[in-house]
Amino acid sequence: MKSHTCLLIDDEPIAMDILQTYLQRLDNVKLIGRFTNPIKAFQALQKNPVDLLFLDIQMPELTGLELLQSLRYKPAVILTTAYREFALEGFEFDVLDYLLKPISFDRFLKAIDKFYSRTPSVLLPEKQHKQQTDETPAHFFVRADRKNVKILLEDILYLESLKDYVKIVTTQGAVLTKETITHFDETLPTGQFLRTHRSFIVATKKVTALSTDGLEVQQVTIPVGRMYKLAVEKAILG
């Protein structure tokens with residue numbers, strides 16, 4: 001199992017000490033640095049990008065959100081803050097989670113679990129994405145309207161997460177099933193489907209355009225989260 005790299009950025013050393021203690025209990029997330037100065041942290045991230053970033057929001061000289069906005073390569077981010085009102089703004093940047101100080105270990109683990117779900121092919125081998133092969137099933141069944149509904153892969157346009165449900169939009173219409181978007185992200189063949197946002201997966205062959213607003217699929221604009229932008233551009237534009 002590959003170990004993912006992690007960085008702590010917080011102007012409160014005690015807050016970082018707590019997170020460092022928590023991280024030491026994990027086998028697959030390796031802490032490679034910690035910074036109280038956000039500008040020095042920014043310079044370090046330019047040279048050595050990491051997989052996961054614990055980022056304080058309120059810091060002198062440069063706020064956590066300003067730092068995040070300045071990064072060309074954006075890792076998975078878990079915000080840390082003592083002010084709940086500032087944390088909500090962070091979700092505009094498609095962050096994984098925010099931790100309200102003082103941070104408990106159980107709350108820390110919930111945030112880490114979201115990181116694991118975001119990167120299942122590396123951290124959860126038993127749930128790796130299916131590769132597209134000659135043996136890839138052409139369809140699957142989902143439970144909807146008290147019956148099992150057959151979904152053809154070639155008919156899927158995109159999937160959208162709606163809290164406890166996922167809407168599967170196809171050329172034949174939409175099907176609503178009680179499932180998570182992560183489930184489909186882990187099971188759909190990567191050669192055909194692409195996660196673009198924490199709430200969306202698209203069928204790559206159905207994409208007709210890529211704009212600043214997102215991906216276009218049959219006149220519907222699918223948003224692209226900041227954390228997914230580079231992967232989406234590489235998959236669509238090559």
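Conventions used here
Residues numbered from 1 in each chain as written. Predicted model: local features only at pLDDT ≥ 70, side-chain atom pairs only at ≥ 80, totals over all residues. Heavy atoms only, no water. Pairing = 2+ DSSP bridges. Helix = DSSP H or I, 4+ residues; strand = E, 2+ residues; numbered from the N terminus. Axes fitted to C-alpha atoms, helices over the stretch in contact; angles between N-to-C directions. Phe/Tyr/Trp six-rings, centres within 6.5 Å; stacked < 30°, edge-to-face > 60°. Buried < 20%, exposed > 50% of the residue type's maximum accessible area, 1.4 Å probe, protein only. Lys NZ or Arg CZ within 6 Å of the ring centre and 35° of its normal.

**Digging into the sheet that holds strand 15 (residues 220–222)**
- The antiparallel open sheet is built from three strands, whose spatial order is 13-14-15. A single partner strand is all that each edge strand has here, and the edge strands are strand 13 (209–211) and strand 15. Taken over all neighbouring pairs, the strand axes of this sheet differ in orientation by 30° on average, direction set aside.
- Two strands pair when backbone bridges link them, and strand 14 (residues 214–217) and strand 15 are joined in this way by three bridges, in the antiparallel orientation. Within strand 15, the position partnered with Leu-215 by the bridge is Ile-222.

**Some words on the sheet that holds strand 9 (residues 165–170)**
- The sheet built from five strands is open, its strands ordered 10-9-8-12-11 with antiparallel pairing. A strand with exactly one partner marks an edge of an open sheet, and here the two such strands are strand 10 (173–177) and strand 11 (193–197). Shown here is a sheet whose adjacent strand axes are inclined to one another by a mean of 20°, direction ignored.
- Relative to strand 12 (residues 200–203), strand 11 runs antiparallel, the two sharing four bridges.

**As for the packing of aromatic side chains**
- The full count for this structure, using the stated rule, is seven aromatic pairs.
- Centre to centre, the rings of Phe-54 and Phe-108 are 5.8 Å apart; their planes meet at 20°, and the pair counts as stacked. A residue pair is termed long-range when its members are at least 10 positions apart, and Phe-54 in strand 3 (residues 52–56) and Phe-108 in helix 5 (residues 105–118) qualify at 54 residues. The same class applies to Phe-54 as to Phe-108, namely buried.
- Following the ring pairs from residue to residue traces out a cluster consisting of Tyr-22, Phe-54, Phe-105 and Phe-108.
- Lying over the aromatic face of Phe-105, Arg-25 brings its terminal NZ or CZ to 4.3 Å of the ring centre.

Purely geometric stuff here, so don't read any function into it on its own.
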